[in-house]
Amino acid sequence: MLESNSPVWDKIVASYRAMLKTVEEVNRMELHFPQFLSHTFSGNEFHIGVKENLQKDWFTQLYAQDLEKAIENAELGTNVKVVFDVVQSDVQVFSSVARPTIEKDVSKPILPGKKMRILPSTLPLQENYTFENFVCGPSNSYAYATATAVAKGLGRTTYNPLFIWGGTGLGKTHLMEAIGHYVMAKKPDSSVCYITAEKFLNEFVNALASSSLSAFRARYRKYDLLLIDDVQFIVGKKNFQEEFFNTICEMLLYNKQVVMTSDVAPKELKLEDRLISRFQQGMVVEIELPSYETRLAIIKSKIKMQSNPHVIDDSILDYIAENIRSHVRAIEGALSRVIAFMDINPDMTLNLEIVKHLLKDVVESETTIKNITPESVIAATAEHYGVSIKDIKGPGRPQAVVLPRQIAMFIACKLTTSSLKSIGDAFERTHTTVYYGSQQMQKRLTVEPELKSEISAILAKLGQKDADIFE
Ligand code: ADP
Ligand code: MG
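Quick summary incoming for the structure in this document. The model shown is predicted, which means the values in this text are computed figures rather than measured ones.

Overview of the overall build of the protein chain
- The helix and strand tally for the protein chain stands at 20 helices and 8 strands.
- By the burial criterion, 50% of the 471 residues in the protein chain qualify as buried.
- Carbon and sulfur atoms make up 52% of the accessible area of the protein chain, which amounts to about 22,200 Å² in all.

Overview of the nonpolar core
- The biggest cluster of nonpolar side chains holds 64 residues, and the ones touching the most others in it are Tyr220, Ile228, Phe244, Met260, Ile411 and Phe427.
- By residue number, the principal contributor to this core is helix H17 (residues 399-415), which donates 9 residues.
- Listed in part, the 48 residues of the second largest apolar core include Phe46, Phe59, Tyr194 and Val285.

Thoughts on the packing of aromatic side chains
- All chains considered together, the criterion is met by 20 aromatic pairs.
- Ring centres of Trp9 and Phe33 lie 5.8 Å apart, and the angle between their planes is 45°; on these two criteria the pair is classed as tilted. Separated by 24 residues along the polypeptide, Trp9 in helix H1 (residues 7-19) and Phe33 in the loop between helix H2 (23-32) and strand S1 (38-42) bring together distant segments of the chain.
- Residue Phe33 is classed as buried on the basis of its relative accessible area, which comes to 0%.
- Taking 4.8 Å as the distance between ring centres and 65° as the angle between the ring planes, the aromatic pair formed by Phe41 and Phe46 counts as edge-to-face.
- Phe41 gets classed as partly exposed once you look at its relative accessible area, which sits at 34%.
- Here a set of aromatic residues connected by ring pairs shows up, and it is made of Trp9, Tyr16, Phe33, Phe36, Phe41, Phe46, Tyr63 and Phe84.

Some remarks on the sheet that holds S1
- Within the open sheet, the 3 strands sit side by side as S1-S2-S3. Their pairing is mixed. Edge positions in the open sheet fall to S1 and strand S3 (81-86), since each of these has one partner strand only. Neighbour-to-neighbour, the strand axes of the sheet open up by a mean angle of 25°, direction not taken into account.
- The sheet contact formed by strand S2 (residues 45-50) and S3 spans 6 bridges and is parallel. Opposite Val50, over in S3, you have Val86 as the bridge partner.

Focus: unusual backbone geometry
- With an omega dihedral of 0°, the bond running from Asn160 to Pro161 counts as a cis peptide bond.
- Along the chain, Pro161 falls in the loop between helix H4 (141-152) and strand S4 (162-166).
- For Glu75, which is not glycine, the phi torsion reads 60° and is therefore positive.
- Along the polypeptide, Glu75 turns up in the loop between helix H3 (53-73) and S3.
- You can call Glu75 exposed: its relative accessible area is 74%.
- Its identity as a non-glycine residue notwithstanding, Asp230 has a phi of 60°, on the positive side.

Focus: the packing of helix H10 (residues 292-304) against helix H12 (residues 328-344)
- The N-to-C vectors of H10 and H12 enclose an angle of 50°; their axes lie 10 Å apart at closest approach. What the angle tells us is that H10 and H12 run oblique. Along this stretch, H10 crosses H12, giving a crossing that reads as right-handed. In contact with Arg295, Ile298, Ile299, Lys302 and Ile303 of H10, H12 contributes Val328, Ile331, Glu332 and Leu335.
- A per-class count over the contact of H10 with H12 returns 6 nonpolar, no polar and 3 charged.

Brief notes about the environment of His174
- Its place among the elements puts His174 in helix H5 (residues 172-186).
- Overall, His174 belongs to the buried group, its relative accessible area being 8%.
- Here the alpha-carbon distance between His174 and Asn128, two residues 46 residues apart in the chain, equals 8.4 Å.
- What His174 contacts, discounting residues up to four positions off in sequence, is Asn128, Tyr129, Thr130, Asn133 and Phe134.
- Among the polar contacts listed, one links the side chain of His174 to the backbone oxygen of Thr130, at a separation of 3.0 Å.

Some thoughts on the site of ligand 1
- Neighbouring ligand 1 are 18 residues; Gly169, Lys172, Thr173, His174 and Glu332 lie closest to it.
- Measuring from an oxygen atom of ligand 1, one finds a side-chain N or O atom of Thr173 at 2.7 Å.
- Its free accessible area being 560 Å², ligand 1 has 94% of it covered by the protein chains.
- Contributions of two or more residues to the shell around ligand 1 are made by H5, H10 and H12.
- Of the residues that constitute the shell around ligand 1, the class distribution is 6 nonpolar, 8 polar and 4 charged.

How each quantity is defined
- Residues numbered from 1 in each chain as written.
- Chains lettered and ligands numbered in written order.
- Predicted model: local features only at pLDDT ≥ 70, side-chain atom pairs only at ≥ 80, totals over all residues.
- Heavy atoms only, no water.
- Helix = DSSP H or I, 4+ residues; strand = E, 2+ residues; numbered from the N terminus.
- Buried < 20%, exposed > 50% of the residue type's maximum accessible area, 1.4 Å probe, protein only.
- Areas by Shrake-Rupley, 256 points an atom, 1.4 Å probe, with all protein chains shown as cover.
- Core = buried A, V, L, I, M, F, W, Y, C linked by side-chain atoms within 4.5 Å.
- Phe/Tyr/Trp six-rings, centres within 6.5 Å; stacked < 30°, edge-to-face > 60°.
- Pairing = 2+ DSSP bridges.
- Axes fitted to C-alpha atoms, helices over the stretch in contact; angles between N-to-C directions.
- Parallel < 35°, antiparallel > 145°, perpendicular 65-115°, else oblique.
- Left-handed = near helix turned anticlockwise from the far one by under 90°.
- Contact = heavy atoms within 4.5 Å.
- Nonpolar A, V, L, I, M, F, W, Y, C, P; charged D, E, K, R; others polar.
- Polar contact = N/O pair within 3.5 Å; in protein donor to acceptor, adjacent residues only side chain to side chain.
- Near = heavy atom within 4 Å.

By themselves, these observations are geometric and do not establish any function.
Structure, rendered in structure tokens:
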């Protein structure tokens, strides 16, 4: 949509973009604006068409006020009210992205009389990854609302496919499995498949080898709900991509629900445009880093979930929420440590001093991570290899900088809390290039494990001794 041929809209977008302060805000705009279907000035109102009520509510909250300001700044009117309306998706589409060609066969029953609920291929769902156990906050409530809508209206919402993306340990798998749990509990006739993209690829390769590709495809068509975790795994696997998306498109054609998670946005998956546009016809939602309040609520909820909940002083919970910010998995790890200590020392009263001591290394590494920027990673890597920062960032590919550059990309992606976009900026490259470079390094490490000691030396320079970035 940003390349739309509507000069008025282009002006508004440019004016809105100029108001944004953070990369996250720009990313969010780039994600959401292509989902707007139409725009019209009507008197003193500016109407934007969207597909769904949920989108109307959310986009109103997120954008209405700021777009009003943007219209004013662009000198297109004062006191203009921005209104989001639900419209048919075939009205005046001004997105540059190609619109759907696949029609849904809504007349087909979703569940054509299944006997088997869980068919082969599926991995077990984690018992506690339910909606009830998922804590909602501003960082994830849009994703949560969409996921519950998908679960409730299985195959009948327009959020198909649903694409959930965000950093590691932020709850993507939890939310995806929650959809699976809900459907299995409330619609017991439905068949659900939860699978990782990696397992899906392995099955595909096996099917190819045993000439049973048609059976492979037919098997997936049988599911009413297909949950595919970690689709970033397919980046760079060109031959597989096509089959992967043919299978998904076929499911959509049969009105089956597909949900995917990824730790990068769809446009960073290096897919063909037609596939990206197919994704954007569904729903793309991001989970962001939780705020302090959400972190605290998550900690409290994890304590409540215990069979015999421990009583922990608020000051301690506050300390964990305040100091562990990188992702939810780290918060859980910290809490488990505290609880293990209480179990081992039932007679000791837990106080903040003990907790500080218990979590010293976790908090220290969190603090260091906060201070590690893509720039500092580039500098430390350049120093380690005796090359210049300019060479690492430069466009050339002389042999001496190829390895340092790839290593720096790998460390920056693994260790900093910066977005891929800002890592890309630091390397003077696109975020896709940086992500791809990091993936390449990850692969090389399995065949050239000696590189790990090089990386550890650079990590030491960055004051990060025991980072587990090789997983
Ligand atoms: P991801 O798939 O994004 O890497 P996971 O879904 O595996 O992350 O989540 C990591 C851990 O954090 C899980 O144990 C999950 O239950 C927990 N978690 C993440 N977000 C939330 C949340 N909003 N509420 C409760 N638990 C959460
Ligand atoms: Mg996951």
